[in-house]
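Okay, here's what each chain looks like letter by letter:
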Amino acid sequence: MRLALEEAKKAEQLAEVPIGAVVILDNQVIGRGHNLRETTQDATTHAEMLAIKEACAAVGSWRLEEAQLFVTLEPCPMCSGAMILSRVKEVYFGAYDPKGGTAGTLMNLLTDERFNHQATVEGGILEEECGGILSTFFRQLRTKKKKSKKS
């Protein structure tokens, strides 16, 4: 999760929502990603999506059947879907997402037996640190918006 936090800090430096992800296979990082939605103006460039794409390229397959994915925020529906479709074995996340989390909060797509693949899921890993970077980012964003309104 510390590596995912490093990715989140890269996003923060770009004024992106600070979320980071890494994909691990055989104790090696095979994929990294951090949010790039504002930079790319592409709604699909979430940290997890970029990490999965890089991991698939690294192994030369769309199947990540023995891989672990670590992400600083509970995955959204799109990212959970990508994890299911790429057959990620285990998903670990930091902060829970009460507005969009689909790894246990709003629903749990990753363990839903109606899909042909389920992942093992564990949340709350380094939760305070993962949530803190997001809280700080959004607090600073609100402060900037208030200042610009006053100007």
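No experiment lies behind these values; they were computed from the predicted model shown.

Undergrad: I tried to follow the overall build of the protein on my own but got confused; where do I start?
TA: Per the secondary structure count, the protein includes five helices and five strands. Sequence-ordered secondary structure for the protein, helices as α and strands as β, is α-β-β-α-α-β-α-β-β-α. Relative to the 2.2 N^0.38 estimate, which gives 15 Å for 151 residues, the radius of gyration of the protein is 15 Å and therefore close to what a compact globule would have. Dimensions of the protein along its principal axes, counting C-alpha atoms only, are 55 × 30 × 25 Å. Scored against the burial criterion, the 151 residues of the protein give a buried share of 46%. Of all intrachain contacts in the protein linking residues separated by at least 6 positions in sequence, the fraction that spans at least 24 positions is 55%. Carbon and sulfur atoms make up 52% of the accessible area of the protein, which amounts to about 8400 Å² in all.

Undergrad: Could you clarify how one ought to interpret the sheet that holds strand S2 (residues 28-34) in this entry?
TA: What links the strands of a sheet is backbone hydrogen bonding, and the strands pair in either a parallel or an antiparallel sense. One open sheet holds the five strands; their spatial order is S2-S1-S3-S4-S5, and the pairing between them is mixed. At either end of the open sheet lies a strand with only one pairing partner, and these are S2 and strand S5 (120-122). In this sheet, neighbouring strand axes are inclined to one another by 15° on average, regardless of whether the strands run parallel or antiparallel. In this structure, strand S1 (residues 20-25) lies alongside S2, joined through six bridges in antiparallel fashion. The residue of S2 that forms the bridge with Val23 is Gly31.

Undergrad: Got a minute to help me understand the packing of helix H1 (residues 2-13) against helix H5 (residues 127-150) in this structure?
TA: Two elements in contact, H1 and H5, have axes whose closest approach is 11 Å; the angle formed by their N-to-C orientations is 5°. As judged from the angle between their axes, H1 and H5 are roughly parallel. Residue-level inspection shows Arg2, Leu5, Ala8, Lys9 and Glu12 of H1 in contact with H5, the latter providing Glu129, Cys130 and Ile133. Residues that form the contact of H1 with H5 fall into these classes: four nonpolar, no polar and four charged.

Here is what the cut-offs are and how they apply
Residues numbered from 1 in each chain as written. Predicted model: local features only at pLDDT ≥ 70, side-chain atom pairs only at ≥ 80, totals over all residues. Heavy atoms only, no water. Helix = DSSP H or I, 4+ residues; strand = E, 2+ residues; numbered from the N terminus. Rg over C-alpha atoms; globule rule 2.2 N^0.38 Å. Buried < 20%, exposed > 50% of the residue type's maximum accessible area, 1.4 Å probe, protein only. Contact = heavy atoms within 4.5 Å. Areas by Shrake-Rupley, 256 points an atom, 1.4 Å probe, with all protein chains shown as cover. Pairing = 2+ DSSP bridges. Axes fitted to C-alpha atoms, helices over the stretch in contact; angles between N-to-C directions. Parallel < 35°, antiparallel > 145°, perpendicular 65-115°, else oblique. Nonpolar A, V, L, I, M, F, W, Y, C, P; charged D, E, K, R; others polar.

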